[in-house]
Amino acid sequence: MTEQLQLQPRLRLLADLVPQGARLADIGTDHGYLPVYLLQRGRIASAIAADIGRAPLDHARRTAEQYGVECGLRFLCCDGLCGISPADADTVVIAGMGGETIIAILEGAAGTRDGGHTLLLQPMTKAADLRDWLSVNGYSFTEERLVWDKNYLYPVLRVTGGGTPQALTERQALTGVALENDPLYREYLTQQADKMRRTAEGLRRSAKPDAQQRADAAEALAREIEEKRDTL
C-alpha cells in the first residue's frame, strides 16, 4: 500500500480550503506536496504543478512518483500563471512567497479577476500590501485563516475576483478583512500592534523631517489595533 503523504500545518490549512473536486493550479509548487496530498485523497479532479525553476519541478515529479499520483499531475515550468489559461484551473494556490511576488503574479494574470476562480494566497511577508492591492483591484475576501507553523503565525487569504474595487483602511490592510472569527486573531492583532510600536521606535531615532509625524501615526495605529483586540 502506498504511503500517505502528510503535510505541515501551513500546507494542511491550504489543503483544507481547496474545494472538493477542484481543478487546481499550484503556483510555486516546490516539492509538489500540496497537489500530491490532494490527489492521494481524491479531493481534486486534476492538478497543475507549476514553478519557475526546473529543479523544484524535478522534486515535485519525484514526490508524485513516490506517492503514486504521477499520472494525475501536469508539470509546467513557467513564471507565475504564464502558460496556464483560465480554463485550465478553477482554483489557484499561490503560497510560500512574499506578498509583492504574489501581486506581480496576479498583475500578469487578468483571468483571475473574472469571478470564476478561487484564489488561495499565503504571503510570507507584506500581507498588508497584498490585502490592499487585492481590494483596490476588485478581489473579494471570502475567508481568511491563521495558522502557526515553525513558530510563525501565517495568514491565508481566500479571495475571488469580479468585485467592486475599494480601498481598505490601514488597520484592515494590516490586521485582515475576514479574520474576526479565527481563534488566533487576538494573537495576530498583538503581533501587528507590536510591529507598529517597533516601527514608531525606529522612526523616533530618525533625523528625517517627517519621522516624528510618522512615528506618532504608527503609535496611533498600534493603539487602534489594541483597542480592537480588547473588544474581542
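About the cut-offs
Residues numbered from 1 in each chain as written. Predicted model: local features only at pLDDT ≥ 70, side-chain atom pairs only at ≥ 80, totals over all residues. Heavy atoms only, no water. Helix = DSSP H or I, 4+ residues; strand = E, 2+ residues; numbered from the N terminus. Rg over C-alpha atoms; globule rule 2.2 N^0.38 Å. Contact = heavy atoms within 4.5 Å. Areas by Shrake-Rupley, 256 points an atom, 1.4 Å probe, with all protein chains shown as cover. Lys, Arg positive; Asp, Glu negative; His and termini not counted. Charge placed at Lys NZ, Arg CZ, Asp CG, Glu CD. Salt bridge = Lys/Arg side-chain N within 4 Å of Asp/Glu carboxyl O. Axes fitted to C-alpha atoms, helices over the stretch in contact; angles between N-to-C directions. Parallel < 35°, antiparallel > 145°, perpendicular 65-115°, else oblique. Left-handed = near helix turned anticlockwise from the far one by under 90°. Expected span 1.5 Å × (residues − 1). Phe/Tyr/Trp six-rings, centres within 6.5 Å; stacked < 30°, edge-to-face > 60°. Buried < 20%, exposed > 50% of the residue type's maximum accessible area, 1.4 Å probe, protein only. Lys NZ or Arg CZ within 6 Å of the ring centre and 35° of its normal.

**Some details on the overall build of the protein chain**
Argument step 1. In terms of helices and strands, the protein chain carries 8 helices and 7 strands.
Argument step 2. Whereas a compact globule of 232 residues would reach a radius of gyration of roughly 17 Å, the protein chain reaches 19 Å, a difference of no more than 12%.
Argument step 3. Principal-axis analysis of the C-alpha atoms gives the protein chain an extent of 60 × 35 × 35 Å.
Argument step 4. The long-range share in the protein chain, meaning contacts at least 24 apart out of those at least 6 apart in sequence, stands at 68%.
Argument step 5. As displayed, the protein chain has an accessible area near 11,300 Å², and 47% of this comes from carbon and sulfur atoms.
Argument step 6. For the protein chain, the distance from the average position of its 27 positive side-chain charges to the average position of its 32 negative side-chain charges is 1 Å.

**What to know about the pattern of salt bridges**
Pairs can form between side chains of opposite charge once their charged atoms are near each other.
Argument step 1. Counted under the stated rule, the structure contains 15 salt bridges.
Argument step 2. Notably, a salt bridge pairs Glu144 with Arg131, separated by 2.8 Å at the nearest N-O pair. Taken as a pair, Glu144 in strand β6 (residues 140–149) and Arg131 in helix α5 (residues 127–136) lie far apart in primary sequence, 13 residues in all.
Argument step 3. Between Glu224 and Arg171 there is a salt bridge, and its shortest N-O distance comes to 3.0 Å.

**Things to note about the packing of helix α7 (residues 185–204) against helix α8 (residues 211–230)**
Argument step 1. Between α7 and α8, the least distance of the axes is 8 Å, while the angle of their chain directions is 165°. The angle between α7 and α8 falls in the class roughly antiparallel. Crossing hand, α7 versus α8: left-handed.

**Section: α7**
At 3.6 residues per turn, the α-helix brings residues three or four places apart onto the same side.
Argument step 1. Its 20 residues give α7 an end-to-end C-alpha distance of 29 Å, which sits within 8% of 28 Å, the value for a rise of 1.5 Å per residue.
Argument step 2. Residues of α7 that are buried make contact with α5, β6, β7 (152–160), α6 (170–175) and α8.

**A look at the packing of aromatic side chains**
Argument step 1. Counting across every chain of the model gives 2 aromatic pairs.
Argument step 2. Judged by centre distance (4.9 Å) and plane angle (50°), the rings of Tyr152 and Tyr154 are tilted.
Argument step 3. Tyr152 gets classed as partly exposed once you look at its relative accessible area, which sits at 41%.
Argument step 4. Classification of Tyr154 as buried rests on a relative accessible area of 11%.
Argument step 5. Sitting over the face of the ring of Tyr154, Arg10 holds its NZ or CZ atom 5.8 Å from the ring centroid.

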